[in-house]
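Structural characterization, general
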Amino acid sequence: MASPLNNTTTSDQEMADLERHDYVERVQWVLNTPKPPGLSQELIGTAVSWRNKVPFLNMQSGLKHELFSMLKATFPILSWCQNYNPNQFKHDLLAGLTLASLCIPQSIGYATLAKLDPQYGLYTSVVPPLIYTLMGTSREIAIGPVAVISLLLSSMVQKLEDPMANPIAYHKLVLTVTFFAGTFQAAFGLFRSGFLIDFLSHAAIVGFMAGAAIVIGLQQLKGLLGITHFTNKTDVVSWNPYNFLLGCSFLIFILITRFLGRKNKKLFWLPAIAPLVSVVLATLIVFLTKADKHGVDIVKHIKGGLNPSSVDQLQFNGPHVGELAKIGLIVAIIALTEAIAVGRSFAAIKGYHLDGNKEMVAMGFMNIIGSFTSCYVATGSFSRTAVNFSAGCETAMSNIVMAVTVFISLELLTKLLYYTPVAILASIILSALPGLIDVNEACNIWKVDKLDFLACIGAFLGVLFATVEIGLLMAVTISFAKIIVVSIRPGTETLGKLPETDAFGDVNQYPMAVKTPGVLIMRLKSALLCFANANFVRERIMKWVIEEEKDSKLRNAEKTIQIVILDISNLMDIDTSGIASLEELHKNFDSNGMKLAIANPRWQVIHKLKLANFVPKIGGRVFLSIGEAMASFSI
């Protein structure tokens, strides 16, 4: 008869054998995964995904239903207009009229900032908003010319053609840039390439906007002071005090109304109509006092009427086509970045999703059609969108109301703007600039990420002291440098088991984490192990192992390191250089009496490790998790 002690021993042995069988079986789960999709399959998958998203490419149901689905996907207005009601129109009508009162003076001012005749700003506030309403997905965004894009165009295009010496040729180049910008924007959306706008980080945009605001402000001083030639030869006598008095008076008026509007949300309409009121009052003052005879600069003739066709003015055969395409690409990215940031901000407040790719397509087509109808690059304006939101807009119908109001103004009111002083337009632009300088956000960037702040300050200083292109280039270069530094110098962390849990954490982050004698657990803090960082990672791991060995000897520990478990759960992909570095680690560990184990490998990684015959080299020590690896070695 067997003794109880023998029975217990047999039972423990059976349990150990059972657990070992379970671990071996779970290891096979890792090693026997199916082949992951290759590059060609991923591309085909993207094409299939795109096919499913474009209804007319998937003709499994009725033609009529598919046709209507295609139209709704292309023109979102068909979706929301089915349930549109009079109450919503009442809100959109009020918002659109409020928007137009701000848009008209701003559009005239931004056109002059772009070195174009004033009517082109009004043209840009008619056709693009109508096209966007048909194709866009944002309910609040207000479309039209903006200060930063106007500055970009004037600063870059005037290097190719002088707007003062040859305004017609300059205007043709601006229209061509608009066409290229729209083409790039539409292509980004159609090919789902919106990630390109992410090359301009949030920090870079904050710095760029601030630098652009200061440059615009310095340029508008010329109009505010009434100086014809703003050079180092300008003296006190050269500027006109009447221009300065008019401009500063109404600038103070606009800023006061903005302050009151922020203090009392019910007075949102006050800062919205203040620019239009300023234009009307200043025009009346100049007309009644004949101030233009005393040196006050006025707008003079503004051409009215419907947007004229400009298809024949696009320049595709001239010597500057390459430069115009480059400018179009830069403008397209900046315009999309601003518009999508604005749209997503207000969509988040209202609690609905903004389709970024549809936004890009809508922006692209509105600028392409705009280039055919005498418009320059339009995008979403933060200041006007905020007014639209505050005025209670329900849908994009407010853009239609605004566009119709601007068109009526072009037909009937342009002659009344003949005596509008230039200083008023300068004051309107200057009043909008504080919103572009976000000091609080720059401070937050400094607190959170110093490298991000470096991109921010690089863009700011580049725009301010060099050119717009230099500022953007500096920001993108710093951002790329940050990515490269993080990629080629990834960190590693030593893990320990957290008490009373099955989790493992960084011993520096969690001081209570317990290390297991004789076992060193390390985790890679990188998504890619490749030629750029493989040697650095290998040296970093070896350094940690050597330091741990020294610490063990100093503590007179019973066990020095016998097993190194490498947690690669963060690793998304690996190349041949990365595999070679792991093989070298294995050889070094093996020569020093240590074993290397791999825990929690991702699909692509384990597949490549098997193809490289790395798994047999380490004795098949590949586990689902760190806990599995620890338990396997303890059995």
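Above this note sits the structure.
Residues numbered from 1 in each chain as written. Predicted model: local features only at pLDDT ≥ 70, side-chain atom pairs only at ≥ 80, totals over all residues. Heavy atoms only, no water.

1. As for the packing of helix α7 (residues 127–135) against helix α16 (residues 397–412)
For the pair α7 and α16, the least separation of the axes is 8 Å and the interaxial angle reads 160 degrees. In terms of orientation, α7 lies roughly antiparallel with respect to α16. For the pair α7 and α16, the sense of crossing is left-handed. Of α16, the residues touching α7 (which contributes Pro 129, Leu 130, Tyr 132 and Thr 133) are Met 397, Asn 399, Ile 400, Met 402 and Ala 403. Its residues assigned to classes, the contact of α7 with α16 shows seven nonpolar, two polar and no charged. (Axes fitted to C-alpha atoms, helices over the stretch in contact; angles between N-to-C directions. Helix = DSSP H or I, 4+ residues; strand = E, 2+ residues; numbered from the N terminus. Parallel < 35°, antiparallel > 145°, perpendicular 65-115°, else oblique. Left-handed = near helix turned anticlockwise from the far one by under 90°. Contact = heavy atoms within 4.5 Å. Nonpolar A, V, L, I, M, F, W, Y, C, P; charged D, E, K, R; others polar.)

2. A look at unusual backbone geometry
Phi at Ser 374 takes a positive value of approximately 65 degrees, unusual for a residue other than glycine. Within the secondary structure, Ser 374 is located in the loop between α14 (356–372) and β2 (379–381). Looking at Ser 374, the relative accessible area reads 1%, which means it is buried. Positioned with a positive phi, Glu 500 is a non-glycine residue whose angle comes to about 60 degrees. You can call Glu 500 exposed: its relative accessible area is 87%. (Buried < 20%, exposed > 50% of the residue type's maximum accessible area, 1.4 Å probe, protein only.)

3. Notes on helix α22 (residues 576–591)
Between its terminal C-alpha atoms α22 stretches 23 Å, which fits the 22 Å expected from 16 residues at 1.5 Å a residue. Restricting attention to buried positions, one finds in α22 the residues Gly 578, Ile 579, Ser 581, Leu 582, Glu 583, Leu 585, His 586 and Phe 589. At the N-terminal boundary of α22, the capping side chain belongs to Asp 575, with an oxygen 3.1 Å from the backbone nitrogen of Ser 577. Phi for Gly 593, located one or two positions after α22, is positive at around 75 degrees. (Expected span 1.5 Å × (residues − 1). Polar contact = N/O pair within 3.5 Å; in protein donor to acceptor, adjacent residues only side chain to side chain.)

4. Some points on the pairing of strand β3 (residues 491–497)
Along β3, six of the seven residues are buried, which leaves the element largely enclosed by surrounding structure. In the sheet, β3 pairs with strand β5 (residues 519–525) via five bridges, with the strands oriented antiparallel. In the sheet register, Thr 492 faces β5, and the bridge partner there is Leu 524. The sheet contact formed by β3 and strand β4 (residues 504–506) spans three bridges and is antiparallel. When the bridges of β4 are listed, Leu 495 appears paired with Asp 506. Connecting β3 to the antiparallel partner β4 that follows it, the hairpin turn spans six residues, and Glu 500 within it adopts a positive phi of roughly 60 degrees. (Pairing = 2+ DSSP bridges.)

5. Focus: the nonpolar core
Core analysis: the largest hydrophobic core is formed by 104 residues, its most contacted members being Ile 149, Leu 153, Phe 208 and Val 331. It is helix α13 (residues 321–350) that contributes the most residues to this core, 13 residues altogether. Leaving out residues up to four positions away in the same chain, Val 331 has contacts with Ile 149, Leu 152, Leu 153, Met 156, Ala 181 and Val 377. Of all hydrophobic cores here, the second largest spans 43 residues; its members include Val 545, Ile 563, Ile 565 and Leu 566. (Core = buried A, V, L, I, M, F, W, Y, C linked by side-chain atoms within 4.5 Å.)

6. Points about the packing of aromatic side chains
Counting across every chain of the model gives eleven aromatic pairs. Measuring from ring centre to ring centre gives 5.3 Å for Phe 346 and Phe 389, while their planes differ by 50 degrees; the resulting arrangement is tilted. One end of the pair, Phe 346, is in helix α13; the other, Phe 389, is in helix α15 (residues 382–390), and 43 residues separate them in sequence. Each member of the aromatic cluster is reached from another via a ring pair, and the members are Phe 179, Phe 180, Phe 316 and Phe 372. Above the ring of Tyr 352, the side-chain terminus of Arg 139 is found at 3.9 Å from the ring centroid. (Phe/Tyr/Trp six-rings, centres within 6.5 Å; stacked < 30°, edge-to-face > 60°. Lys NZ or Arg CZ within 6 Å of the ring centre and 35° of its normal.)

7. Some remarks on the side chain of His 171
Mapped onto the elements, His 171 comes out in helix α9 (residues 167–190). For His 171, a relative accessible area of 7% translates into the label buried. Once residues lying within four places of it in the same chain are set aside, the contact partners of His 171 are Leu 116, Tyr 120 and Gln 313.

8. Concerning a nonpolar patch on the surface
A grouping of Phe 253, Val 277, Val 280, Leu 281, Leu 284, Phe 287 and Leu 288 is seen on the molecular surface, where their side chains present a nonpolar patch of about 600 Å² in accessible area. Looking at the nonpolar patch element by element, the count peaks at six residues for helix α12 (residues 269–289). Locating Phe 253 in the fold gives a position in helix α11 (residues 241–263). Its relative accessible area of 32% is what places Phe 253 among the partly exposed residues. (Patch = residues over 30% accessible without salt bridge, like charges linked within 9 Å, V, L, I, M, F, W, Y side chains within 5 Å. Areas by Shrake-Rupley, 256 points an atom, 1.4 Å probe, with all protein chains shown as cover. Salt bridge = Lys/Arg side-chain N within 4 Å of Asp/Glu carboxyl O.)

9. Observations regarding the environment of Lys 415
Relative to the assigned elements, Lys 415 resides in the loop between α16 and α17 (422–432). For Lys 415, a relative accessible area of 75% corresponds to the exposed category. Once the C-alpha coordinates of Lys 415 and Ile 302 are considered, the two residues, 113 residues apart in sequence, prove to be 6.8 Å apart.

Nothing here speaks to function; it is geometry throughout.
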